[in-house]
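Single-letter residue listing:
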Amino acid sequence: MPEYILTFDLGTTGNKAALIDRGGIVFRAVTAGYGVDYPKPGWASQRAEAFTESCAKACRVLLEGVDPADIACIGLSGTMNGCLPVDESGQPLHPHFIHADTRSAEQARGMEKTGIDWYRLTGNRASPRGSAAKVIWLRDERPQVYRRTRWFL
């Protein structure tokens, strides 16, 4: 019977990963860090590849001496209010916008003017820190990326 849960929490500065046993005790834990790019004021993004690289790095540490067949399941959590456009095959099309990215302030103001109660609809206010404004920014400022996007993660 599988013995462990493998978890990954992809945060702003790194992937906090753990191997947890059937009793709920952390068997091993590691943080695989990655950076944030700030190319302009108000812009904050990360390379999507940093997430997969950090998962691979964490697995090398967490699974040392552990039979992968002993993994019962994998738990994932990701950064809040992010926006990562991917194509049909799941390939990233643009760096991941993190919550601190506010380049979509104009789009958020436009959302407020629609008369839609964004909080009631989504649980979030119209904000440049929110994912919806980031999607609209991509539509407005990077239409070639927006057209190729199949999903926003």
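Everything discussed here concerns the structure shown above.
Here the structure is a predicted model, which means the values were calculated and not measured.

(A) Inspection of the sheet that holds strand 1 (residues 4-10) at higher detail. Spatially, 4 strands are ordered 3-2-1-5 in an open sheet, and the strand pairing comes out mixed. Of all strands in the sheet, those with a lone pairing partner are strand 3 (26-33) and strand 5 (71-77), marking the two edges. Here the strands of the sheet are splayed against their neighbours by 15° on average, with no regard to which way each runs. As paired strands, strand 2 (residues 14-21) and strand 3 are joined by 7 bridges and run antiparallel to one another.

(B) Fine view of the nonpolar core. Leu6, Phe8, Leu19 and Leu62 are the most contacted members of the largest nonpolar core, which has 14 residues in total. Counting residues per element, the ones that place at least two in this core are strand 1, strand 2 and helix 1 (48-62). Contacts of Phe8, omitting those with residues within four sequence positions, involve Asn15, Lys16, Ala17, Cys55, Ala58, Cys59, Ile74, Gly75, Leu76 and Ser77. Grouped together as the second largest cluster of nonpolar side chains are 8 residues, Trp43, Leu93, Trp137 and Leu138 included.

Conventions used here
- Residues numbered from 1 in each chain as written.
- Predicted model: local features only at pLDDT ≥ 70, side-chain atom pairs only at ≥ 80, totals over all residues.
- Heavy atoms only, no water.
- Pairing = 2+ DSSP bridges.
- Helix = DSSP H or I, 4+ residues; strand = E, 2+ residues; numbered from the N terminus.
- Axes fitted to C-alpha atoms, helices over the stretch in contact; angles between N-to-C directions.
- Core = buried A, V, L, I, M, F, W, Y, C linked by side-chain atoms within 4.5 Å.
- Buried < 20%, exposed > 50% of the residue type's maximum accessible area, 1.4 Å probe, protein only.
- Contact = heavy atoms within 4.5 Å.

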